[in-house]
Amino acid sequence: MSNVIQYILYLAILVVLAIPLGAYIKKVMEGEKTFLSPILTPCENAVYKIMRVKKDEEMGWKKYCASVLIFSGSGLVFLFLLQLLQGVLPGNPQGLSGVKWDLSFNTAASFITNTNWQAYSGESTLSYLSQALGLTVQNFVSAATGIAVLFALIRGFQKVKSKGLGSFWVDLTRITIHVLLPLNLVIAVALAGGGVIQNLSPGQTVPLLEPVAVNAEGEILDHAEIDLASQTVTVDGVKVEGAEIVTEQFVPMGPAASQVAIKQTGTNGGGYMGVNSAHPMENPNAFTNLLEMISLLLIPAALCFTFGSCIKNKKQGVAIFMAMFLCLAAALAIVAVNEQAATLQLAQEGSVNLSMIDQAGGNMEGKETRFGIASSATWAAFTTAASNGSVNSMHDSYTPLGGMIPMLLMQLGEVIFGGVGCGLYGMLAFAILTVFIAGLMVGRTPEFLGKKIEPYEMKWAVLVCLATPIAILLGSGIAAAVPEVADSLNNSGAHGFSELLYAYTSAGGNNGSAFAGFNANTVFLNLSLGIVMLFARFLPIAGTLAIAGSLVGKKKVAATSGTLSTTNAMFVFLLILIVLLVGALSFFPALALGPIAEFFSSIA
Amino acid sequence: MTAQKKNAFVNKKIFGRAVKDSFLKLSPRTQAKNPVMLLVYLSAILTTGLWMTSLFGIQDAPAGYTLAIAVILWFTTLFANFAEAIAEGRGKAQADALRASKKDVEAHKIPSTGQKDSVTNVPSASLKKGDLVIVKAGEQIPSDGEVIEGAASVDESAITGESAPVIRESGGDRSAVTGGTTVLSDWIIIRVVSEAGESFLDKMIAMVEGASRKKTPNEIALQIFLIALSIIFILVTVSLYPFSVFSAKQAGIDNPTSVTTLVALLVCLAPTTIGALLSAIGIAGMSRLNQANVLAMSGRAIEAAGDVDVLLLDKTGTITLGNRQADAFLPVGGVSEKDLADAAQLSSLSDETPEGRSIVILAKEKFGIRERRLSDAKMEFIPFTAKTRMSGVNFGGNEIRKGAADAVRDYVIQKGGTYPGECDALVRTIASQGGTPLVVAKNHQVLGVVHLKDIIKKGVKEKFSALRKMGIKTIMITGDNPMTAAAIAAEAGVDDFLAEATPEGKLQMIRDYQKKGHLVAMTGDGTNDAPALAQADVAVAMNSGTQAAKEAGNMVDLDSSPTKLIDIVRIGKQLLMTRGSLTTFSIANDVAKYFAIIPAMFVGLYPGLSSLNIMGLHSPMSAVLSAIIYNALIIIALIPLALKGVKYREYPAGKLLSRNLLVYGLGGLVTPFLCIKGIDLLLVWFGLV
């Protein structure tokens, strides 16, 4: 019962915070005064002056799109070269060598696409310069790019018979300066206050409270008896030769809180530590966990309300929000129930206590005891609903169906809130598909928010909606046929297939979370996953902008009682149905070979 | 439209021709026009190829199974062809009839209207725009034209199917004639307005035959959606092969998936149902419009008709019955009602207008006053003129006049009589009720007022309220003064009216509505309607109207019926609804097909997946066969629906949506589960699997 209250509380806090933030973003983007304008607007204007940006430029969709591509493209090249050359660049106290070309490409693609898939371990691969100048910058601007594209689309709905979609440079600057920077400042300070490390000290070595023994291969010995005096290790009375006793631990340090904030709010997900927010320095307690978890979905949820008020139809914003929210709640419920119930194999015919008395119960494998089932399941649902990808538990260890839902949430095209900006514009493309079919059923050629949906919009809308399934199916289909990929797997059988599918799903959804256990750092995987990420990011961006460019030139059709309502429960239901249908029809066979097969064999 | 034509819905001849056409349409060029069905076509070729290679020992799947799949796929393609062919059939039959009436005739060309006798006979095909032709009784009109002199009764049954002749005369709004129709009496001189091959009849033949049928924007948009779905399903099935190989290797067994089964899965998943019926739906929509005797100049116009939300309706003929009729005699100053009726009847005896006739009839019905013969008592009839605005009769020293209130008042006062205030009050009351008052005076003394009333057609009020629920606004166009118009508008239940309508007024009104984002439909016949017709989104020109009006409109109503607009909107909506409903049905079907095929494919790999076989299908092979047989048969089963269109109801959008969603969405989900199970049982019953 207390768990159910926890789930409801998490969702309630999210909604309560998203509404005012949504209103704030609207003000910022429409150039209205906010309580922060006195400080931030001069900074904004200074940027325009230095960069020679015309503040009132109205770009056509092609120019807007070209600006996005040039900006992201140069980010890609810069990031690629930065990693390649980090060995000879300053800001590299550990003396790390240059990153291999394929990994550099993969990482660059990953960060400019807001995916933050990491085929490497940050602390042992990237220099401080690469982290700060490369990744952190992209954490901010890739998020801002997504929101900017969303606003171009919003203007397509707002304006009537005009041409311009606003200026990409202005949008990018406004979002970064007025929204992302102040929001993350607040969150970073709160996280630091909550115990997340934020310092510039080098890593520290601390003594262990209880020494640990490892064998010659470095594996921890269970039930070992350690005699510190004689430096001998015995297991079950037998002396282990070559065993080593570990008495000290290396504790990494660094400016984590500030990184973690943007990692969460910008739906980036690339962790400061290797194990992401499961690490006690990155996410030490219930308070920081709550804060990080809410930050995951805060901006994507707020943008729904921003959208509603921008198009002067708040109900529409709420309807889109409800469609996303209901899917999220349902997904969360399925994960929660499956994780709590665990599996027959885990229960070992009753010899393992899975009850909730005095413990979290259920399937705790791969989860942190300080978070338990509720906070882990919620995080898993949130991070895959948003295309974030940060984790506080290992999805690989979830029950078959509990692990399938996060995968499905990504496969739906990351539109259940999704990435900042891109989740909502993806969902709006689904809304266009929905009104197309539903509109026909009421005997009218389809229209959405007063704009007629014609072949041109349909063409791009289907590309936006199908980019993710196409990328995932094509990528994983090819990967499954490449013999060496099997070597990257940690498991065999259906679960092994799930690992492969999860990797491409994560890339194709621009999510970035990993189904741990999959060794992704090979040339083939680096390249193919990188291409999948780029495809799934930029095809929808081009499509969204093309739709915006066409809509902005159209007249507005009057609404009558013969017009299909896009704000009522029926529409919300239909929208959910279309999203699920496209996702389910695309992935049912693949899922049947992975988690579904695994599920049936686990109950057999 | 004659009953005979309607019954020809699916007659034997059309059916036979459609079967033949289904095979002719197997040519790759025809198939390439429909991408979804092209996929099925290619799949059929691929599986046939696989079967042939299996005969030489290179087996993908058991040869008999591959052959069965190939045969079913060929049938699926044929069924789709048949659907299109049968939809075209009706149009082709109509086109044949039209072609029969389009004979090359001899035209009597004349140099000018002044030289009617210097006739040169030329073949009608050689006529040029602007040529003058004289057509006499019994002759066929050689080309589309405008009557510039004379008047004649014309038999237009070849085009309209209506056997009653119509009058065509120079000047006015009935001046257009169509090539292929026949002059029954008198003669006319026409100016040719179209060259050979571009005449109305040519266009009509092309339209009904579907030869000039271009895909409409909405059809293209839907096709894009269907192609996108097909592409995704191609990727699903193609990627499934390596997935299956990968999983089999992991499990250490042979790959259980055959190309044949993957092709079957692909065809089942692709939106073949709607893909096969899409063009049939479009053609059938056009055909329904033709049956309503409306000729659309483009398919786009029918779609626009579905979107229309403002209808401009002419009062006369649409809302009210033809003309005003006498409703009551209201005497003043102690005159008896019967005396008033008597005088009114006398003054109307020679009045052949419908109003005049109705006064005579009302007097007869109310007081049994017989019609007197016109030759009685040396009657001198005074006809109505625009100047006096009165008509009447002088007989036996009596002078009876009836006319508009102000005209009669002037006349009475001028002649020294008095115009009673009581009469003024009556006139105002009648006018405020939307009626037309006619004041009757005898010997410069006002007897009373005749109340002429517009008779609202039966059922229009309900019709308009149904339209309103669908979000369609009705606007009455009338030449009446605002007060009269308001009263009729209120009685008929229209949403708005335009009184004292002028062509400029109509045009302005259309522009205003369009500016507010509405789509406007109107009917018109006169030359002065042309600008408004050109501006309207859906413009229906009456066939009886002028050439200018016909050219400005995007549809022509062959019956020239003012209520046609409402039918056109219905047909447009029905067309779109049919498309949407069958698309929903087609996609919803996929769920059941997955549950049939996926467990069948992988049960060898993961025996646990047999739990997904919720239909309890006999064997993997019977499951795949049942699914694909269902997929083919459902096309045939839905052809009647595609041709007739889904049931049309005048409901608001929300209600329509939930209804259609329930029927075609939920129906589409459940039906295949039942049918596939049924087919599976039959296959087992006949021992085929």
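Before any of the text, the structure's been laid out above.
Residues numbered from 1 in each chain as written. Chains lettered and ligands numbered in written order. Predicted model: local features only at pLDDT ≥ 70, side-chain atom pairs only at ≥ 80, totals over all residues. Heavy atoms only, no water.

Peer 1: Can you lay out helix H2 (residues 37–51) of chain A for me, pointing to particular residues and giving the numbers?
Peer 2: Residue and element names in this part refer to chain A. Between its first and last C-alpha atoms H2 spans 20 Å; for 15 residues at 1.5 Å apiece the expected length is 21 Å, and the two agree. Within the sequence span of H2, burial applies to Ser-37, Leu-40, Glu-44 and Tyr-48. Angularly, the buried residues of H2 cover 85° about the axis, an arc narrow enough to put them on a single face. In H2, those exposed residues whose orientation departs by more than 90 degrees from the buried face are Pro-38, Ile-39, Lys-49 and Ile-50. Its buried side turned inward, H2 meets helix H1 (2–29) and helix H7 (168–194). Positive backbone phi, at 55°, marks Arg-52, one or two positions downstream of H2. (Helix = DSSP H or I, 4+ residues; strand = E, 2+ residues; numbered from the N terminus. Expected span 1.5 Å × (residues − 1). Buried < 20%, exposed > 50% of the residue type's maximum accessible area, 1.4 Å probe, protein only. Arc of directions from axis to C-beta. Contact = heavy atoms within 4.5 Å.)

Peer 1: Could you give me a rundown of the pattern of salt bridges, with the residues and numbers involved?
Peer 2: The tally for this structure, following the rule as stated, stands at 29 salt bridges over all chains. For Glu-30 of chain A, the salt bridge is made with Lys-26 of chain A, and the minimal N-O distance between the two is 3.5 Å. On the basis of relative accessibility, which here comes to 32%, the residue Glu-30 of chain A falls in the partly exposed class. Here Glu-219 of chain B ties to Arg-579 of chain B by a salt bridge, and the two come within 3.7 Å at their closest N and O atoms. In this pair, Glu-219 of chain B sits in helix H8 (residues 217–251) while Arg-579 of chain B sits in helix H22 (residues 564–602), placing the two residues 360 residues apart along the sequence. Through salt bridges that share partners, Arg-444, Glu-447 and Lys-452 of chain A together with Asp-307 of chain B make up one connected network. (Salt bridge = Lys/Arg side-chain N within 4 Å of Asp/Glu carboxyl O.)

Peer 1: So what about the side chain of Ser-550 of chain A? Which residues, and what values?
Peer 2: With respect to the helices and strands, Ser-550 of chain A occurs in helix H17 (residues 523–552). Apart from residues lying up to four places away in sequence, Ser-550 of chain A is in contact with Tyr-456 and Glu-457 of chain A.

Peer 1: Run through the packing of helix H18 (residues 569–603) of chain A against H8 of chain B, naming residues and quoting values.
Peer 2: Two elements in contact, H18 of chain A and H8 of chain B, have axes separated by 9 Å at closest approach and are oriented at 5°. Put simply, H18 of chain A runs roughly parallel to H8 of chain B. Contacts between H18 of chain A and H8 of chain B involve Leu-585, Ser-586, Pro-589, Ala-590 and Leu-593 of chain A on the former and, on the latter, Ile-232, Phe-233, Val-236, Leu-240, Phe-243, Ser-244 and Ser-247 of chain B. In terms of residue class, the contact of H18 of chain A with H8 of chain B is built from 9 nonpolar, 3 polar and no charged. (Axes fitted to C-alpha atoms, helices over the stretch in contact; angles between N-to-C directions. Parallel < 35°, antiparallel > 145°, perpendicular 65-115°, else oblique. Nonpolar A, V, L, I, M, F, W, Y, C, P; charged D, E, K, R; others polar.)

Peer 1: Could you give an account of the sheet that holds strand S9 (residues 310–314) of chain B, with specific residues and numbers?
Peer 2: Sheet strands line up and pair through hydrogen bonds in the backbone, either parallel or antiparallel. Residues and elements named next belong to chain B. The strand order across the open sheet built from 7 strands is S8-S20-S19-S18-S9-S16-S17, with neighbouring strands paired in mixed fashion. If you trace the sheet from one side to the other, it starts and ends with strand S8 (294–296) and strand S17 (496–498), each paired once. For this sheet, the mean inter-axis angle between neighbouring strands, taken without regard to orientation, is 20°. Direction of pairing for S8 relative to strand S20 (residues 555–557): antiparallel, over a ladder of 3 bridges. Of the residues in S20, the one forming a bridge with Ala-296 is Met-555. (Pairing = 2+ DSSP bridges.)

Peer 1: Tell me about the interface of chain A and chain B, and name the residues and values.
Peer 2: Each partner contributes residues to the interface: chain A has 57 residues there, and chain B has 59 residues. The junction of chain A with chain B conceals about 5,100 Å² of combined surface from both sides, 78% of it contributed by carbon and sulfur atoms. Ranking the residues of chain A by area buried against chain B places Met-441, Leu-585 and Leu-593 of chain A at the top, with a combined share of 15%. In this structure, the connection of chain A to chain B is made through 1 salt bridge. Between Asp-307 of chain B and Lys-452 of chain A there is a salt bridge, with the nearest N and O atoms lying 3.2 Å from each other. Our enumeration of links across chain A and chain B arrives at 14 residue pairs in polar contact (both at pLDDT 80 or more). Of all the secondary-structure elements, those providing two or more residues to the side of chain A that touches chain B are helix H14 (422–441), helix H15 (455–481), helix H16 (493–508) and H18 of chain A. Here the side of chain A that touches chain B takes 15 residues from H18 of chain A, the largest share from any one element. (Buried area = accessible area lost by both parts, 1.4 Å probe. Polar contact = N/O pair within 3.5 Å; in protein donor to acceptor, adjacent residues only side chain to side chain.)

Peer 1: So, the packing of aromatic side chains: which residues are in play, and what are the values?
Peer 2: One pass over the full model with this rule turns up 22 aromatic pairs over all chains. Between the aromatic rings of Phe-71 of chain A and Phe-168 of chain A, the centroid separation amounts to 5.9 Å while the plane-to-plane angle is 65°, which identifies the pairing as edge-to-face. With Phe-71 of chain A in helix H3 (residues 61–84) and Phe-168 of chain A in helix H7, the pair connects residues that are 97 residues apart, well separated along the chain. Judged by relative accessible area, Phe-168 of chain A falls into the buried class, the value being 0%. When the centroid spacing of 5.1 Å and the interplanar angle of 65° are considered together, the rings of Phe-168 of chain A and Trp-169 of chain A count as edge-to-face. Classification of Trp-169 of chain A by relative accessible area gives partly exposed; the value is 29%. Through a chain of ring-to-ring contacts, three or more aromatic side chains come together here, namely Tyr-64, Phe-71, Phe-168 and Trp-169 of chain A. Against the face of Tyr-398 of chain A rests Lys-367 of chain A, its NZ or CZ located 4.0 Å from the ring centre. We note Lys-655 of chain B situated over the ring of Tyr-651 of chain B; from NZ or CZ to the ring centre the distance is 4.3 Å. (Phe/Tyr/Trp six-rings, centres within 6.5 Å; stacked < 30°, edge-to-face > 60°. Lys NZ or Arg CZ within 6 Å of the ring centre and 35° of its normal.)

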